[in-house]
Amino acid sequence: IAGYQDDTVRTGLPKANKIWRRFRGIVSTDYHKRVKGLIQSCNLEKRLLFTGVVGNVVPLYAASDIVVFPAVRPHQARPLIEAGAMAKPVIISDFSNIREYAKNNCILVPPNDPCALASAIRNLLDDPVRAEMIRMNNYCFVLKRHSVEENGALLVSIFNRVVGNL
């Protein structure tokens, strides 16, 4: 599980770090205790790894059977695209900005719905044929929409137009 963790440093500014830690401590202490208690009660300590904030996500994608991105607020589709480049099936929160990228290449779940998320994970793990279809659809989608050749040519044409207008 990558992302915020109790000891995560938010910025390089000492005063901002102190304020951030105090804020997170007030807001999330109970939440972290509940999550840790649930993990212990389900005997999952040895099955979960909390990485904290990670700069290089490639090893995490490579080690994953499924990439799950349960955002609670609208977020960019980058995890869907990154996982697609690594040919991984994705379960992601359903927001309008994600639907542009959701073309039979992921499973959309309602945000803030842990039961729907758990069900989607279980269903995908229990259906390797569907997982393979989603994996390949996402990989092909990313190759088509995010290829170096296509995007490189587009970027060069934009630069040529901008330079031509100077």
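Provided above is the structure to which this section pertains.
Residues numbered from 1 in each chain as written. Predicted model: local features only at pLDDT ≥ 70, side-chain atom pairs only at ≥ 80, totals over all residues. Heavy atoms only, no water.

Draft legend 1. Main features of the pattern of salt bridges. Across all of its chains, the model carries five salt bridges by this definition. One salt bridge connects D94 with R99, and the closest N-O pair in it is separated by 2.7 Å. On the accessibility criterion, D94 (25% relative accessible area) is partly exposed. You can call R99 partly exposed: its relative accessible area is 43%. (Salt bridge = Lys/Arg side-chain N within 4 Å of Asp/Glu carboxyl O. Buried < 20%, exposed > 50% of the residue type's maximum accessible area, 1.4 Å probe, protein only.)

Draft legend 2. Region of interest: the packing of aromatic side chains. Under the counting rule described, the total for this entry stands at one aromatic pair. Ring centres of Y101 and F141 lie 6.4 Å apart, and the angle between their planes is 90°; on these two criteria the pair is classed as edge-to-face. Of this pair, Y101 sits in the loop between α4 (96-99) and β3 (107-109) while F141 is found in helix α6 (residues 128-145), placing the two residues 40 residues apart along the sequence. For Y101, a relative accessible area of 17% puts it in the buried group. (Phe/Tyr/Trp six-rings, centres within 6.5 Å; stacked < 30°, edge-to-face > 60°. Helix = DSSP H or I, 4+ residues; strand = E, 2+ residues; numbered from the N terminus.)

Draft legend 3. Layout of the sheet that holds strand β1 (residues 67-69). Strand order in the open sheet formed by three strands is β1-β2-β3, with parallel pairing between adjacent strands. Among the strands making up the open sheet, the edge pair consists of β1 and β3. Averaged over neighbouring strand pairs, the angle between their axes works out to 15° when direction is ignored. Bridge analysis of β1 against strand β2 (residues 90-93) gives three bridges, and the strand direction is parallel. Bridging across to β2, F69 finds its partner in I92. Sheet strands touched by helix α5 (residues 114-126): β1, β2 and β3. Its angle to β3, the strand with the most contacts, is close to 160°. (Pairing = 2+ DSSP bridges. Axes fitted to C-alpha atoms, helices over the stretch in contact; angles between N-to-C directions. Contact = heavy atoms within 4.5 Å.)

Draft legend 4. Molecular detail of the packing of α5 against α6. Put simply, α5 and α6 touch, their axes get as near as 5 Å, and they point 100° apart. Here α6 runs roughly perpendicular to α5, going by the angle between their axes. In this structure, α5 uses L124, L125 and D126 to contact α6, whose residues at the interface are P128, R130, A131 and I134. Tallied by class, the residues present in the contact of α5 with α6 amount to five nonpolar, no polar and two charged. (Parallel < 35°, antiparallel > 145°, perpendicular 65-115°, else oblique. Nonpolar A, V, L, I, M, F, W, Y, C, P; charged D, E, K, R; others polar.)

Draft legend 5. Seen up close, helix α3 (residues 78-85). Residues P79, L80, I81, A83 and G84 constitute the buried set of α3. In the segment just after α3, A87 is the residue with positive phi, at about 55°.

Draft legend 6. α6, seen in detail. In a regular helix each residue adds 1.5 Å, so 18 residues correspond to 26 Å; α6 covers 25 Å between its end C-alpha atoms and thus fits that length. Taken as a whole, α6 has its buried residues at A131, I134, N138, F141 and V142. In an axial view of α6, the angular spread of the buried residues amounts to 100°, which keeps them on one side of the axis. Of the exposed residues in α6, those oriented more than 90 degrees away from the buried face are P128, V129 and K144. Packed against the buried residues of α6 are α3, β2, β3 and α5. (Expected span 1.5 Å × (residues − 1). Arc of directions from axis to C-beta.)

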